[in-house]
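Each chain, letter by letter, is given below.
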Amino acid sequence: MARDRRFRSLISGFIHLAAFARIADCQGYKECKYPVFGLVGEVCPRHIEPVKRWKSLVKASFRGQETALKMVEKVFKVSMYLKESPTMLHFSGPTGVGKSFLATLLAKAVFRRENPICGFLQLRMSIMMRQVEREKQDEMVERHLLRPIVEQIAVCPASIIVIDDIHFLDNEYLRRLRPIFDESNPQVMCTTGPYKGKQWSTRNGLFIVTSDLDENMASLSPSMDTKKAIQVIRELAKEQWGATSHMASLSTLVPFLPLRESQLVSIAQDQLEHLHELIDEMLNRKKDSKKLDLDIRGYLYIDWIGSLKFANGLAQTIYEEVKAETKRYGARPVNNFMQMNVYPLAIDIALELLDRGAKSKAEPLKSDSDSNYWAAISTYIPTLQWQVKIVNDIEMFFADGEMQFRMESIDMQEARNLRLKEEL
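Residues numbered from 1 in each chain as written. Predicted model: local features only at pLDDT ≥ 70, side-chain atom pairs only at ≥ 80, totals over all residues. Heavy atoms only, no water.

**Student:** When you look at the overall build of the protein chain in this model, what are you seeing that I'm missing?
**Tutor:** A count of helical and extended segments in the protein chain gives 13 helices and 15 strands. Across the 424 residues of the protein chain, 43% fall into the buried class. In the protein chain, of all internal contacts separated by at least 6 residues, the share reaching a separation of at least 24 is 73%. A total accessible area of about 23600 Å² is found for the protein chain, and carbon and sulfur atoms account for 50% of it. (Helix = DSSP H or I, 4+ residues; strand = E, 2+ residues; numbered from the N terminus. Buried < 20%, exposed > 50% of the residue type's maximum accessible area, 1.4 Å probe, protein only. Contact = heavy atoms within 4.5 Å. Areas by Shrake-Rupley, 256 points an atom, 1.4 Å probe, with all protein chains shown as cover.)

**Student:** How do you make sense of the pattern of salt bridges when you look at a structure like this?
**Tutor:** Pairing is possible between side chains of opposite charge, provided their charged atoms come close. In the structure shown here, the tally under the stated rule is 16 salt bridges. Salt-bridge contacts for Asp 138 lead to Arg 176; the nearest nitrogen and oxygen are separated by 2.3 Å. One end of the pair, Asp 138, is in helix 5 (residues 137-155); the other, Arg 176, is in helix 6 (residues 171-177), with 38 residues separating them in the sequence. Of the residues examined, Asp 138 reaches a relative accessible area of 46% and is grouped as partly exposed. (Salt bridge = Lys/Arg side-chain N within 4 Å of Asp/Glu carboxyl O.)

**Student:** I keep staring at the packing of helix 9 (residues 275-286) against helix 11 (residues 332-356) and nothing clicks. Help me out?
**Tutor:** It is the contact of helix 9 with helix 11, at a shortest axis distance of 8 Å, that shows an interaxial angle of 55°. One element, helix 9, and the other, helix 11, form an angle in the oblique class. Here the hand of the crossing between helix 9 and helix 11 comes out right-handed. Residues Leu 275, Leu 278, Ile 279, Met 282, Leu 283 and Lys 286 of helix 9 form the contact with helix 11, whose participating residues are Val 342, Tyr 343, Ala 346, Ile 347, Ile 349, Ala 350, Leu 351, Leu 353 and Leu 354. Taken together, the residues of the contact of helix 9 with helix 11 sort by class into 14 nonpolar, no polar and one charged. (Axes fitted to C-alpha atoms, helices over the stretch in contact; angles between N-to-C directions. Parallel < 35°, antiparallel > 145°, perpendicular 65-115°, else oblique. Left-handed = near helix turned anticlockwise from the far one by under 90°. Nonpolar A, V, L, I, M, F, W, Y, C, P; charged D, E, K, R; others polar.)

**Student:** Mind showing me how you'd approach the sheet that holds strand 11 (residues 308-310) here?
**Tutor:** Two orientations exist for strands paired in a sheet by backbone hydrogen bonds: parallel and antiparallel. Reading across the sheet, the three strands line up as 11-14-15 and stay open at both edges, with mixed pairing between neighbours. Edge positions in the sheet fall to strand 11 and strand 15 (402-407), since each of these pairs with one other strand and no more. Sheet twist, expressed as the average angle between the axes of neighbouring strands with direction ignored, equals 30°. Where strand 14 (residues 394-399) meets strand 15, six bridges bridge the pair, whose relative direction is antiparallel. In the sheet register, Met 396 faces strand 15, and the bridge partner there is Phe 405. Lying over the sheet, helix 10 (residues 314-329) contacts strand 11, strand 14 and strand 15, oriented at roughly 30° with respect to strand 14. (Pairing = 2+ DSSP bridges.)

**Student:** For this particular structure, what's the right way to read the sheet that holds strand 4 (residues 120-124)?
**Tutor:** The sheet built from five strands is open, its strands ordered 4-5-8-3-9 with parallel pairing. The open sheet has two free edges, formed respectively by strand 4 and strand 9 (253-255), since each of these has just one partner strand. Between one strand axis and the next, the sheet turns by 20° as a mean value, whatever way the strands run. Here strand 5 (residues 160-164) pairs with strand 8 (residues 206-211) via four bridges, running parallel. Across the sheet, the residue bridging to Ile 161 is Phe 207, located in strand 8. Set on the sheet, helix 7 (residues 226-241) makes contact with strand 3 (87-92) and strand 9; between it and strand 9 the angle comes to about 120°.

**Student:** What is the right way to look at the environment of Ser 211 in this model?
**Tutor:** Take Ser 211: it is sitting in strand 8. Judged by its relative accessible area of 0%, Ser 211 is buried. Residues Ser 211 and Ile 166, spaced 45 residues apart in sequence, show a C-alpha to C-alpha distance of 5.5 Å. Filtering out sequence-adjacent residues up to four positions away, Ser 211 remains in contact with His 90, Phe 91, Ser 92, Gly 93, Lys 99, Ile 166 and His 167. A polar contact is formed between the side chain of Ser 211 and the side chain of His 90, at a distance of 2.7 Å. (Polar contact = N/O pair within 3.5 Å; in protein donor to acceptor, adjacent residues only side chain to side chain.)

**Student:** What exactly am I supposed to notice about the packing of helix 2 (residues 50-61) against helix 3 (residues 66-81) here?
**Tutor:** If you want to describe how two helices pack, look at the angle between their axes and the distance between the axes. Contact geometry of helix 2 with helix 3 gives a least axis separation of 10 Å together with a crossing angle of 155°. Classified by the angle between their axes, helix 2 and helix 3 sit roughly antiparallel to one another. Helix 2 and helix 3 meet at a crossing whose hand is right-handed. Judged by residue contacts, Pro 50, Val 51, Trp 54, Lys 55 and Val 58 of helix 2 engage Leu 69, Val 72, Glu 73, Phe 76, Lys 77, Met 80 and Tyr 81 from helix 3. Partitioned by chemical class, the residues of the contact of helix 2 with helix 3 number nine nonpolar, no polar and three charged.

**Student:** Would you explain the pairing of strand 8 in this entry?
**Tutor:** As a general feature of sheets, a regular strand has side chains that alternate between the two faces. Counted residue by residue, strand 8 has six buried out of six residues, so it is predominantly covered. Going residue by residue along strand 8, you find Leu 206, Ile 208 and Thr 210 tucked away on one face and Phe 207, Val 209 and Ser 211 tucked away on the opposite face as well. In terms of strand pairing, strand 3 meets strand 8 through six bridges, oriented parallel. Looking across to strand 8, one finds that Phe 91 is bridged to Thr 210.

**Student:** Quick question: what am I supposed to make of the packing of aromatic side chains here?
**Tutor:** Aromatic rings in a pair are described by how distant their centres are and how their planes are angled relative to each other. Scanning the model with the defined rule gives six aromatic pairs in all. For the ring pair Phe 181 and Phe 207, a centre distance of 5.5 Å and an interplane angle of 85° mean the geometry is edge-to-face. Taken together, the positions of Phe 181 in the loop between helix 6 and strand 6 (187-188) and Phe 207 in strand 8 put the pair 26 residues apart, joining distant regions of the chain. For Phe 181, a relative accessible area of 8% puts it in the buried group. (Phe/Tyr/Trp six-rings, centres within 6.5 Å; stacked < 30°, edge-to-face > 60°.)

**Student:** Is there a simple way to explain the nonpolar core in this structure?
**Tutor:** Note that soluble globular proteins tend to have their nonpolar side chains buried in a common cluster. In terms of nonpolar packing, the biggest core is built from 68 residues, with Trp 54 and Leu 102 touching the most fellow members. If one sorts the elements of this core by residue count, helix 11 sits on top with ten residues. Once residues within four sequence positions are removed from consideration, Trp 54 is found in contact with Leu 69, Val 72, Glu 73, Phe 76, Leu 102, Leu 105, Leu 106 and Ala 109. Residues Met 129, Val 150, Val 188 and Leu 213 belong to the second largest nonpolar core, which totals 41 residues. (Core = buried A, V, L, I, M, F, W, Y, C linked by side-chain atoms within 4.5 Å.)

**Student:** Help me understand the confidence of the model for the protein chain in this model?
**Tutor:** As a note on interpretation, predicted positions should not be read in detail where pLDDT is low. In the predicted model, the protein chain carries a mean pLDDT of 81, and the fraction of residues at 70 or more is 79%. Across residues 10-31 the pLDDT falls below 50, and counting only partners more than four positions away or on other chains, this stretch makes 30 contacts in the model. When the criterion is pLDDT under 50, residues 34-42 qualifies, and its contacts beyond four places in sequence or with other chains add up to 24 contacts. (pLDDT = per-residue confidence, 0-100.)

Here is the structure:
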């Protein structure tokens, strides 16, 4: 009996502790719960000011689409604070102009748990769905749409759900999805899986569908004004699904226009500026493959404090290399060029820095705590973390049809005097 009481007391304490942690840390949505050890629900952690965070994310990493951003911001505010029915947005525009990326930024602005984002579901439709026989469409809708949506809503009713490339679905598919967006009683139900047979409300969800209705790139232009762009996309939606389709609704359409040259160059420049962080990561992943002449035991952290320089107009050069493809695929050719030609250099640069870089001596890696406190405890606890600084600058440039780099040679004594005066 005593053991049972202690066990119940322990469980009760765990539940109260979990509840306290949720209240103190999560600021969550009251209906979003995740199971913990199958016993306790954890409130889905949400950012306190999602609209403010979204603006910050957009400013840092999104280029172009000023019209779409203004429209989305208005709907996003209502969705977060005032809505009484499911919010639906129809992002329509060419490939590679930021539709799916902007939807991901909305999810990152709302939900604090990432990798994966806890309240985010992205479903991709394919051209093969157009070729499915009519009698098999129910099975396709169940497997690729209804069941995934139910399983997401059942866990997090306030999820952000994205259905990409909805132009691959005909009216018969859309008819099966219509109850999700019903204004009076929005709901979804599936017939397979652990949540089958029950109606799940979609009232608190944010649904985003994306489409490329102008596949011939003949109707939209970067300079088109908002009113004209919406009119063009609505006409394309009516041709695809009919005038009464929810996808042609004026209130849900958000036009995404082809990107201008200046915007594509900015996207290339943004990615170049993230390379320093990537090289830092590669240094610490590759350090074990290089035998550094250091007499230490424990974890070693490599800190590259040199600068990464780019040849004048490098971002413009990258754009020129893929210019012809951007007319059809937007920013994707820029992203592909970075993946295939620039990011691999981060590994080469890291190895070069480890091989020939000017390095400081190994020193204990200090914590963020007070230095006097650190000095006191380091007397009694053996140092297990060390850091070495590498000071060389790297210049990146494009020559002979490929990306290249050169490392600045530095005399270690000069580095000690000029750049590592305080660190060494």
